[in-house]
Amino acid sequence: MVNYKKGDDKMNKEILQKQILQELIYPKKIPLTAVFADMSPAEFILIASFTAYEKENNGRHITVNELANTINVSVPAVSRTLKNLEERGLIQRVTNQDCRRNTFVIINEKGKKLFESNKEKITYLLDKVMNTFTVDEITSAIKFHNKLDNILNSECCKCNAAE
């Protein structure tokens, strides 16, 4: 681990800081929207999450609250995305007759076909990544990204609280 302390090579530290800042401000975005047909990456993740839930729970449909908790996104954000999917005829939201506060999310045939088509494309891309990098490289990249995200979120919160 590199820890920069007083007296370290100031030039290298400044170069690294500049590179980190450039990556944060101008990330190299992967054009995933070009890969998805008629579906945003967020919609794909939402559908993938509730179809996986159904498989893992013997066909039991997921509620909006459970879906939000599963993907760690707010209920209003999930509801907005579901509304868009519902308006396009890809899913249905059905009120639970036993507990009217709960709404189940159900994918229909049109949604399944679109999801499966997109899943094939994403699987192809992920296979390319996994065939290019070792498991250790992928794991290290994920750990690095998560660690960087945690540090920046924590420190940004401290900076905002100090103001």
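In short, a report on the structure. (Residues numbered from 1 in each chain as written. Predicted model: local features only at pLDDT ≥ 70, side-chain atom pairs only at ≥ 80, totals over all residues. Heavy atoms only, no water.)

### As for the overall build of the protein
So, step 1. When you go through the protein residue by residue, the secondary structure sums to seven helices and three strands.
So, step 2. Across the protein, helices and strands are ordered from the amino to the carboxyl terminus as α-α-α-β-α-α-β-β-α-α.
So, step 3. For the protein, the residues scored as buried account for 20% of the 163 residues in total.
So, step 4. Taking the intrachain contacts of the protein between residues at least 6 apart in sequence as the baseline, contacts between residues at least 24 apart amount to 46%.
So, step 5. Total accessible area computed for the protein in this model is approximately 12,400 Å², and 56% of it derives from carbon and sulfur atoms. (Helix = DSSP H or I, 4+ residues; strand = E, 2+ residues; numbered from the N terminus. Buried < 20%, exposed > 50% of the residue type's maximum accessible area, 1.4 Å probe, protein only. Contact = heavy atoms within 4.5 Å. Areas by Shrake-Rupley, 256 points an atom, 1.4 Å probe, with all protein chains shown as cover.)

### A look at unusual backbone geometry
So, step 1. With phi around 55°, D38 is a residue other than glycine that occupies positive phi space.
So, step 2. When you line up the elements, D38 lands in the loop between α2 (32-35) and α3 (41-56).
So, step 3. Unusually for a residue other than glycine, N58 sits at a positive phi of about 50°.
So, step 4. Positionally, N58 belongs in the loop between α3 and β1 (62-63).

### Focus on helix α4 (residues 64-71)
Because each turn of an α-helix spans 3.6 residues, side chains separated by three or four positions in sequence point in the same direction.
So, step 1. All of the buried residues in α4 are V64, L67 and A68. Seen end-on, α4 carries its buried residues on one side only, within an arc spanning 100°.
So, step 2. Against the buried residues of α4 lie α3, β1, α5 (75-87) and β3 (103-107).
So, step 3. A positive phi of about 60° marks N72, the residue just after α4. (Arc of directions from axis to C-beta.)

### Focus on the packing of α3 against α4
So, step 1. The contact between α3 and α4 brings their axes to 10 Å, and the two run at 110°. Judged on the interaxial angle alone, α4 and α3 are roughly perpendicular. In terms of crossing hand, the pair formed by α3 and α4 is right-handed. Contacts between α3 and α4 pair I45, L46, S49, F50 and Y53 from the former with E66, L67, T70 and I71 from the latter.
So, step 2. Split by residue class, the contact of α3 with α4 holds six nonpolar, two polar and one charged. (Axes fitted to C-alpha atoms, helices over the stretch in contact; angles between N-to-C directions. Parallel < 35°, antiparallel > 145°, perpendicular 65-115°, else oblique. Left-handed = near helix turned anticlockwise from the far one by under 90°. Nonpolar A, V, L, I, M, F, W, Y, C, P; charged D, E, K, R; others polar.)

### A look at the nonpolar core
Within soluble globular proteins, side chains that are nonpolar generally end up buried alongside one another.
So, step 1. Ranked by size, the top nonpolar core spans 21 residues in total, and within it F50, L67, L82 and V105 carry the most contacts.
So, step 2. In terms of residues, this core owes the most to one element, α3, which gives five residues.
So, step 3. Ignoring anything within four residues of it in the chain, the contact list for L67 reads L46, S49, F50, I62, V78, L82 and V105. (Core = buried A, V, L, I, M, F, W, Y, C linked by side-chain atoms within 4.5 Å.)

### A closer look at the pattern of salt bridges
So, step 1. One pass over the structure, following the stated rule, counts five salt bridges.
So, step 2. For R60, the salt bridge identified is with E66, shortest N-O distance 3.1 Å.
So, step 3. One salt bridge connects K112 with E109, and the closest N-O pair in it is separated by 3.7 Å. Taken together, the residues K112 and E109, both in helix α6 (residues 109-132) and three residues apart, mark about one turn of the helix. (Salt bridge = Lys/Arg side-chain N within 4 Å of Asp/Glu carboxyl O.)

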